[in-house]
Amino acid sequence: MTGTLTISAARPRPAGLVARLIRRPSAVVGLALLGLVAGAGLAAPVLYPGDPLDMIGAPLQWPGMDPAFPLGTDMLGRDIAAGITHGARISLMIGAVATLVALVIGVGIGAGAGYYGGRVEAALMRLTELFQTIPPFLFTLAIVAVLQPSIPTIVLAIGLTGWPGLARLVRAEVLRLRDGELVQASIVIGASDARIIGLHILPNVLAPVVVSASILVANAILTESSLAFLGLGDPNVVSWGGMVGAGREVIRTDWFVAAAPGLAIVAAVLALNLLGDGLNDALDLKRALR
Amino acid sequence: MSAETRTGAPVLEVDDLRISFRERAAERAAVHGLGFSVEAGETLAIVGESGCGKSLTAFALLGLLPGNARASGRVRLEGRDILGLEGEAMRRLRGTRIAMIFQEPMTALNPVLTIGAQIVEAIREHEAVSAADARTRTLSLLARVRIPDPERRFGEYPHRLSGGMRQRVVIAMALACAPAVLVADEPTTALDVTVQAEILDLIDDLRRETGMAVVLITHDLGLVAEHADRVLVMYAGRAVEAGSAAALFAAPRHPYTRALVAARPRPGSALRQRLVEIPGQVPPPGAMPPGCAFAPRCPAAEAPCRETPPPLPSVGTAAERVACLRWKDLRAPDQSPVRLGA
Amino acid sequence: MLRTNPLYGSAPDLEARPLLTVTDLAVQYRTAGGTVRAVDGVSLEVHPGETLGLVGESGCGKSTLGRAILRLVEPSRGSIRLDGRELVGLPRRALRGERRRLQMVFQDSGAALDPRWTVGRLIEEPLRVYGIGGRAERRDRVARLLADMGLPPDAAARHPHAFSGGQRQRIGIARALVLDPDLVVCDEPVSALDVSIQAQILNLLQDLQERRGVAFLFISHDLSVVEHVSDRVAVMYLGRIVETAPRDALWRAPAHPYTRTLLAAVPSPERQARRARRGVNLPDALPSPYAPPSGCHFHPRCPLAVERCRSEVPALRAFSGTAHRVACHLA
């Protein structure tokens, strides 16, 4: 037998994902901003225990006029700071759940199409293309309008329109892996389809999926805000988009009413995009090993 | 092999060539003080395994090192120092006095230009000739690299040609301005064995006709035996042995060369004969041992081998050199009888 | 050096029932450019414990043939029998049972090993798939196999990227052998390795064969390597086997003009092939795989071709004895 070899060329194990993430400035800024938004949302019931839709002060107070309302009040005398913190809960929740819906559909369809190929792929990809031909925002708008605006219908509508891009991405990645030696080697050792997909394919397409998921959350927040701006939000909860929409009427005189929730939207969307960018670099295993 | 065209004067002389890379803050040496020379009309093979620095050396000769690499020492082409030449001066030399062909011919060809146009451009880049003259010369070059039906091939795009044909086109381009030195970096590694034989025979014939010198970079000892006059064996960035190709195979001196020759599957050996293994692997660039780089894998290494890198003194004739403290003490490698002739 | 294997004797028994019998196997690819017959009616046998070398130039279909035998690509025609049991047409579930006996080593084990898994988990996976042994027993088997491969015991806890190319190939071989297969298809297993590492892997394969009696179908473009490892050799050209013979017979007296050209092209200090090559002038363009030449595929490049070679496909027939067979009208 040949002598035992030592691993002299051993390279260090790749650092953990978190360690790799915090080495990237965009990810750090994104994480910090997202932490701020999520923190505001988490703290909302403690800071502003009442219903943020309650009229609790004089209308249209500018920020700083009354220390009780640091961001001022809108034309109905509702606390803008309370609206923004409670709105963060709603926006993040809708973004996360809608993305989850899109992930389940998109990954399922993409993985099925990529792995099985042939007719299965043809059928699934035609379906995907059908969804892609409809402008996503109009589609969302139509679903919400038909089903009555409420949080579940909004989540469903955003999830239903968000998956086609994801499905295409997953299909392309799965196709690449399916024809690669990794999967062939698993077939040879007798692994079942479910085992190959679950243990080898999906974990290896996880990186691009995680990256696009963070962008999907950002898009969902934007879509929800747009719906609310147009008056198609859930009327029973406060929403950033709804606040911007309401502030529109007084934008010439009291611009802060629209600007404050607008900035919140920008912060959340920017945070998620920066995070996605950072994740993209950090999850690139090959680059991490170099 | 080609005594009839040798002049005795070296066209290319390399002395104490060092190549290093800047990586983060550190400087990592990849080639440590390499020296060799090539005469007109001869083929020098630089042999070694991946990572030994042979390709870097080739790139350094043509001033094609990547941006984070630095070369020092001396490279003289036809008596002129060329190491460190930049921009226009180096470009004028490349293609006219020194040319290179690569492992993958497609990297040297432009996919959207016909092969004729590319060779014409290579000629007119360096010489003021009319388009018609350049075309005539291109056709004769294509014929010289034995591309059948040059008139028709002139207008073809690279992707329409087989790998062997593409490599012929690259050779034609390299020869366009009759260089004094042709550097061939693993020119046939990507090709089938029958095609490989033809390409190397072609390079041999062209060398004999034009008297150019050839530096053949390869990992394949079989090629060396057939196509080189002299050989330089590299290991971990250093020359370990130099000498005539015939002598190297008949009596390799350095333990690494011996092992390399013995590790090859040998034709005509008995069924199920074991190969001679070289235990372990090449030390990574960051962890070079202080002494002879081969010492950790060498069966003959002793304490002094592990202290300082051995020099490369002449042994026998001036051109035969071996960087080993112990080569004289080693017994002749056992050569089991081989079948000669096919 | 003779093989000394108490189970299998000093040499593979070529009279015994073959382990693998491939008959008239064909694989077609439909592409944008037309239909390619990558494998075009190939028949071969592999006997228990022997190494059959399958050699040919790029595009000759040798890798496709190897993958078709493992049913990684579906054959369009023909039969593959493993110990008499037909694999072609076998449903996936039943096929999985047979796969235990039929394994593969890839050219680039780096690509065939999941970078996220540890080496121990990778080698254990086949045992898990078949539910063999308990946790401790599987661990133990992996540890013993690692030692057999000349890998350090702590290798099990590391990821593939921590290893060199040669070591990764050892890991790939361990994974192929952990199920104790009867036949391993080795697809260019040493082509990506340096000479010194190549020697280590070739010796390892030879040791494993002697100790375990496993048969190899050894696919390579490198004639020196094939000559070194094989008991018998099959030469492939454009989807067909043109010659098959015991190793020494093939090198001593190659019968097919293509085999002769191929052998003469191998550069070697020992053989002075250049001298032998003189006069052989092979146009280096391989014919289009979409429209292979009629009759004998080799006739446009063959120095001996006559009219019959253009019109009639030569059958693979006995040349000298039953073991040396050639598909040439003129041999």
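Within each chain, residues carry numbers counting from 1 in the order of the written sequence. Numbering of ligands from 1 and lettering of chains from A proceed in the order in which they are written. Local features are withheld for residues below a pLDDT of 70 in this predicted model, meaning they are given only at 70 or higher, and side-chain atom pairs are given and counted only at 80 or more; totals for whole chains, interfaces and linings count all residues.

**Digging into the overall build of chain A**
Only DSSP runs of H or I with at least four residues qualify as helices, and only runs of E with at least two residues qualify as strands; both kinds are numbered from the N terminus onward. Counting its secondary structure elements, chain A contains 11 helices and zero strands. Along its sequence from the N terminus, chain A presents helices and strands in the succession α-α-α-α-α-α-α-α-α-α-α. Principal-axis analysis of the C-alpha atoms places the extent of chain A at approximately 85 × 50 × 30 Å. Within chain A, buried positions represent 46% of all 290 residues. We call two residues in contact when their backbone-placed C-beta atoms lie within 7 Å. Look at the contacts in chain A between residues 6 or more apart in sequence, and 69% of them connect residues 24 or more apart. Here a residue counts as buried when 20 or more other C-beta atoms fall within 10 Å of its C-beta, as exposed when 12 or fewer do, and as partly exposed in between; the C-beta atoms come from the backbone.

**Some details on helix α1 (residues 54-61) of chain B**
Burial of α1(B) is extensive: six of the eight residues sit out of reach of the surface. With its phi angle positive at about 65°, G63(B) sits one or two positions after the end of α1(B).

**Considering the pairing of strand β6 (residues 98-101) of chain B**
All names here are of chain B. By the alternation rule, side chains of β6 split into I98 and M100 and A99 and I101, which are all buried. Relative to strand β7 (residues 181-185), β6 runs parallel, the two being bridged by four bridges. Bridge pairing in β7 links I101 to A184. Two strands pair under a simple rule: DSSP has to find at least two bridges between them.

**Here we look at the pairing of strand β7 (residues 183-187) of chain C**
Residue and element names in this part refer to chain C. In terms of residue burial, β7 counts as a mostly covered element, since five of its five residues are buried. Residue alternation in β7 divides its side chains into two sets, L183, V185 and D187 and V184 and C186, and both sets are buried. As defined by bridge partners, strand β6 (residues 102-105) adjoins β7 across four bridges and the pair is classed as parallel. Looking at the pairing, Q103 lines up with V184 of β7. Across five bridges, β7 lies against strand β8 (residues 215-220) in parallel orientation. Within β8, the residue paired with D187 across the bridge is I219. The definition of a right-handed crossover adopted here requires that, viewed with the strands pointing away, the path from the first strand over the helix to the second runs clockwise. A crossover links β7 with its parallel partner β8, the connecting element being helix α7 (residues 195-212), and its sense is right-handed.

**Some words on the domain arrangement of chain C**
Residues and elements named next belong to chain C. For the domain bounds, the source is a domain assignment made automatically or taken from a database. Per the domain assignment, the segments making up chain C are domain 1 (16-101 + 181-326) and domain 2 (112-180). Placing a centre on the C-alpha atoms of domain 1 and another on those of domain 2 gives a separation of 29 Å. Counting from both sides, the interface comprises 11 residues of domain 1 and, opposite them, 12 residues of domain 2. By residue number, the principal contributor to the side of domain 1 that touches domain 2 is α7, which donates five residues. Grouping the constituent residues of the side of domain 1 that touches domain 2 by class yields nine nonpolar, one polar and one charged. Nonpolar residues are Ala, Val, Leu, Ile, Met, Phe, Trp, Tyr, Cys and Pro. Charged residues are Asp, Glu, Lys and Arg, and all others, Gly as well, are polar.

**Details of the sheet that holds strand β1 (residues 10-23) of chain B**
Residues and elements named next belong to chain B. Strand order in the open sheet formed by four strands is β2-β1-β4-β5, with antiparallel pairing between adjacent strands. The sheet terminates laterally at β2 (26-39) and β5 (80-81), the two strands that pair on one side only. Pairing between strand β4 (residues 69-77) and β5: two bridges, direction antiparallel. The residue bridging R76 from the neighbouring strand is D81, located in β5.

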